[in-house]
Amino acid sequence: MMSIYRQIPSVDKILSDQNLSPFLEEHGHALLVEAVRDVLREVRKTIEMGIDSPNYDQILDKIKNKLIQETIPSLKPVINASGVMLHTNLGRAPLSNDAIAAIHSVASAYSNLEYDLEKGARGKRDVHAADLLCQLTGAEAALVVNNNAGAVMLILAALANRKKVAISRSQLVEIGGGFRIPEVMRLSGAKLHEIGTTNRTHLEDYHSAIEEGASLVLLAHQSNFRILGFTSAPDLAEITQLARENEIPTVFDLGSGALLAMEDFGLEHELTVQEALLAGVDVVSFSGDKLLGGPQAGLIVGKAELIAKIRKHPFYRALRADKLCLAALNATLLAYLKGKARQQIPILAMLSKTSQELKAKAETWQKQLGAGSVVPSLSTIGGGSLPEQEVATWCLALKPKSLSRFSRRLRQCDPAIIAKTENNQLLFDPRTVLPEQEGVLLEHLNQALSEE
Ligand SMILES: *Cc1c(COP(=O)(O)O)cnc(C)c1O
């Protein structure tokens, strides 16, 4: 028995093997030692089970593979062929080239993040997005935090701590990923004052709430669901007017926060940030990485006096946006300012693709692969953005022997490929595949099909 174990090389012997020196150089001593120990432990187990021990070279290969596997970056790009444009699990909006360049230049050097170059003194980090946000939305002031969930929490903590906040029961929404309006309200210190019913809320309900002491009106976008049938809600302008007459603020969590008219993209009209402000909302919050097409961020725009109050709250410090986010946001907003958003911001470029263009693209793919068929389907916005809003598309459809095995095989590609399953076929929607990923997508598909 002992003699078999003696076949196992010692840790020291392996560590001093010249064949491993490039790995020592690349991965460092500690990781290498750990990999050697792990592999030798596995070898010992194999022997205990009565299986032949791998030879010395095989053991070295196992160690090398382990080191390579363990040091692959865990967060990596994927090819989104699912047709879901704002897929929260896939990182929502891809950034524009300008935004990526801005991140690169700010990340690789010091920056004027909080330094006023004019005065040679301390400055504010929000200037890099605030003025642009004001220009684009018509707001008096703006603030940027880490994400929209944080923005809502901060706004309520700053404006409604221990105060009653009126909100319609139809807007007590859960966005997913644990964001529930009632919970966020409670955590912020605000007192939830529910009004109306699930399907109907009237101006009179807001009126009563204010009479019963509500000191803020909160509105939340029904981002990921829709109530149909016998429904009713007052006009936004009526609500804000009532609140103004009673000298209490209105806050609107817009969720997606479109700056452009979505009907120009073949979607239904979506209340824009500008329209919400024009309707008299005092503070509007929205995400940076949904329809805006920028980095993850929570954008807060509205009345200067209220924004100043929000800015002073200690949560602002805890939730502040980092320089990479601000760099990307600045570049994204500049594209809007220059009227180039539609061409330059990937999510808007995707939305702009016509059904004919997409059909032609899917047909090219089919020709290049010599496999599959081209079928009509629907791309969805997703990301808790516009409920059930879909746009017509054309997809390449493949019918592998086993859908689950083939999908799994595609997920193991580098970059991984995410398709969608429909009618027992795997569909690849050209709308969400980025132009620079097309070549590698086809290579992987070709390879995977040849192994079928
Ligand atoms: C998406 C969404 C949020 C959460 O925004 P994050 O930027 O993901 O934190 C909050 N409220 C509404 C209405 C949303 O649609």
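Being a predicted model, the structure only gives us computed values, none of them experimental.

## Concerning the layout of surface pockets
Size it by volume and the largest pocket reaches roughly 1,100 Å³. As for the largest pocket, its lining consists of 45 residues, of which Thr88, Leu90, Gly91, Arg92 and Ala93 are closest to the centre. Every element with two or more residues in the lining of the largest pocket is listed here: strand S1 (78–80), helix H8 (148–160), strand S6 (174–176) and strand S10 (250–255). Counting residues per element, the lining of the largest pocket draws most heavily on S10, at 3 residues. Its residues assigned to classes, the lining of the largest pocket comprises 19 nonpolar, 20 polar and 6 charged. Taken as a whole, the second largest pocket holds about 750 Å³ of empty space. If you go around the second largest pocket, you meet 29 residues; those closest to its centre are Gln171, His221, Gln222, Ala233 and Phe252. Elements represented by at least two residues in the lining of the second largest pocket include exactly strand S9 (214–220) and helix H11 (236–245). Split by domain, the lining of the second largest pocket shows at least three residues from each of two domains, domain 2 (78–87 + 348–450) and domain 3 (95–344).

## With respect to the sheet that holds strand S12 (residues 298–302)
Sheet architecture is open: 7 strands sit in the order S4-S12-S11-S10-S9-S5-S8, paired in mixed fashion. This sheet does not close on itself; its edge strands, each paired only once, are strand S4 (141–145) and strand S8 (191–195). Taking each pair of neighbouring strands and ignoring which way they run, the sheet shows an average axis angle of 25°. Here strand S5 (residues 164–168) pairs with S8 via 5 bridges, running parallel. Each residue of the ladder has a partner; that of Ser168, found in S8, is Ile195.

Thresholds, definitions, all that
Residues numbered from 1 in each chain as written. Predicted model: local features only at pLDDT ≥ 70, side-chain atom pairs only at ≥ 80, totals over all residues. Heavy atoms only, no water. 1 Å grid on protein atoms, 1.4 Å probe; cavity = no way out; pocket = protein on both sides within 12 Å on 5 of 7 lines; lining within 4 Å. Points joined across faces, edges and corners; volume = space filled by probe spheres on them. Helix = DSSP H or I, 4+ residues; strand = E, 2+ residues; numbered from the N terminus. Nonpolar A, V, L, I, M, F, W, Y, C, P; charged D, E, K, R; others polar. Domains from an automatic or database assignment. Pairing = 2+ DSSP bridges. Axes fitted to C-alpha atoms, helices over the stretch in contact; angles between N-to-C directions.

Just geometry here; none of it tells us what the structure is for.
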